[in-house]
Amino acid sequence: MAALMCICFTGCGETPGASQTQIVLGTVVTVQVYGRQSQEALDGAVEAAMDRARELEQIFSVNIDSSEINYVNQNAAKAPVPVSDDFYTVLERSLYFARLTEGAFDPTLGKLIRLWGIGTDDARVPEPEEIAPLTGRRDYEHVLLDGQAHTVFFENDGFSLDFGAIAKGYAADEMKELLQEDYHITSALLNLGGNIITIGNRPDGKPWTLGIADPSSPQPEENPAVTLQVTNLTFVTSGDYQRYYEAPDGTRYHHILDGSTGYPADSGLSSVTIITQCSMDADALSTASFVLGQEKAQKLLQSINGVEAVFIDTQDQITATDGIRDQLQ
Ligand code: AMP
Ligand code: MG
């Protein structure tokens, strides 16, 4: 499902490297680092980045019973719950993006996401009566953060948090920072199930070449619709082909839900790729843009500095923002 999206012409015959692939945060995570450090040091850097991803998984995964997010979801409507720095940072930014996108990105859709179960063994098409009470709620306005006490409080118990649309981005930023600051890595490529973040250039000094999956291909991630060259940037795609449930009648229901309808977003897009510096922001914005649709998303993205996007619609039309259009191949 989460095949590698990057086309890495590393050309690293002489530069030593280290890499590892593991399932973390419910996805395939690959860390590749390069540098003139010893092999031991490079291996240690990769190991530390993976450890950080696993640490974040224990905080953000709703599929781990003992995770922090599950504890918060079970208790925050009763009384304010103290949370970790990681949790606080991601929740605060999530609420910012929920307001900015008027709920197109909404971290309080946990109950709706669980009801559909897309990507799990329990996936099904819920009855309209089950969906109705979980739509149009704007519960992100009812999450109270206390910056002094470092706590979270839910003003009602009708919702739960889900960071599926932002946690991988945060993890990518954190792994990058750790590799740069603690291990002095100047060339790396991290891929968290299609959320890609790069450090510097390829080991041969040239930019990384990354591909955007072709949603209409039977194997989208192996068949790029376009490629582009990036240095020191992140590259995050939300797409209808990434995770979906095929109902017995053959209808496909994908995993990006529109909180205003309660159904998978139907905005005419097959994928949105955001290219920018901060992977957490790119992750939230790719999901929001997918829900908003191209026109509204383009308007929103124009108001944010240093953010570029590539849209692929359901008719296979590719559109890009001004700052990146000429770089697509
Ligand atoms: P992404 O692949 O980053 O677009 O995130 C999709 C995942 O985020 C889903 O699998 C859900 O866990 C969750 N999700 C679905 N719809 C939304 C939404 N509108 N806002 C925030 N999170 C969502
Ligand atoms: Mg996202």
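The protein chain has the name FAD:protein FMN transferase in an unreviewed UniProt entry, where Candidatus Scybalocola faecigallinarum is given as its organism. According to the UniProt record, the Catalytic activity (unreviewed entry) comment for the protein chain is "L-threonyl-[protein] + FAD = FMN-L-threonyl-[protein] + AMP + H(+)".

**Some words on the packing of aromatic side chains**
Evaluation of the coordinates by the stated rule reveals 9 aromatic pairs. Taking the centre distance of 6.1 Å and the plane angle of 85° together, the rings of Phe60 and Tyr170 count as edge-to-face. Of the two residues, Phe60 is situated in helix α1 (residues 39-60) and Tyr170 in helix α6 (residues 167-183); the sequence distance between them amounts to 110 residues. Across the pair, exposure class does not vary: Phe60 and Tyr170 are buried alike. A connected cluster of aromatic rings, assembled from ring pairs, spans Phe60, Phe87, Phe163 and Tyr170. Note that Arg252 overlies the ring of Tyr244, its terminal NZ or CZ placed 4.0 Å from the centroid.

**Quick word on the coordination of the magnesium ion (ligand 2)**
Listed as protein donors to the magnesium ion (ligand 2) are Ala165 (O), Asp283 (O), Asp283 (OD) and Thr287 (OG1); their distances from the metal cover 2.0 to 2.5 Å. Binding-site remark: the magnesium ion (ligand 2) is held by donors from one chain whose sequence spacing is A-x117-D-x3-T. With Ala165 in the loop between β6 (151-154) and α6 and Thr287 in helix α7 (residues 279-292), the pair connects residues that are 122 residues apart, well separated along the chain. According to the relative accessible area criterion, Ala165 is buried, its value standing at 19%. Note on Thr287: relative accessible area 11%, which makes it buried.

**Structural notes on the environment of Ile69**
Along the polypeptide, Ile69 turns up in helix α2 (residues 68-75). Exposure remark for Ile69: the relative accessible area of 0% places this residue in the buried category. Sequence separation between Ile69 and Glu57 is 12 residues; the distance between their C-alpha atoms is 9.9 Å. Here Ile69 is in contact with Ile59, Phe60, Ser61, Val62, Phe87, Leu161, Asp162 and Phe163, once residues within four sequence places are set aside.

**Side note on the sheet that holds strand β16 (residues 269-276)**
On the basis of which strands lie adjacent, the open sheet formed by 8 strands has the order β2-β3-β7-β8-β11-β16-β17-β18 and antiparallel pairing. Every other strand in the sheet has two partners, leaving β2 (17-24) and β18 (318-320) as the edge strands with one partner each. Recorded for the sheet is a direction-independent mean angle of 10° between the axes of neighbouring strands. Note that β16 and strand β17 (residues 308-313) share 6 bridges and pair antiparallel. Considered in β17, the bridge of Val272 is made with Phe311. Relative to β2, α1 is tilted by about 20°, and along the sheet it contacts β2 and β3 (27-34).

Conventions we followed
Residues numbered from 1 in each chain as written. Chains lettered and ligands numbered in written order. Predicted model: local features only at pLDDT ≥ 70, side-chain atom pairs only at ≥ 80, totals over all residues. Heavy atoms only, no water. UniProt positions renumbered as here; feature names shortened; annotations may be inferred. Phe/Tyr/Trp six-rings, centres within 6.5 Å; stacked < 30°, edge-to-face > 60°. Helix = DSSP H or I, 4+ residues; strand = E, 2+ residues; numbered from the N terminus. Buried < 20%, exposed > 50% of the residue type's maximum accessible area, 1.4 Å probe, protein only. Lys NZ or Arg CZ within 6 Å of the ring centre and 35° of its normal. Donors = N, O, S within 2.8 Å, 3.2 Å for Na, K, Ca; no water. Contact = heavy atoms within 4.5 Å. Pairing = 2+ DSSP bridges. Axes fitted to C-alpha atoms, helices over the stretch in contact; angles between N-to-C directions.

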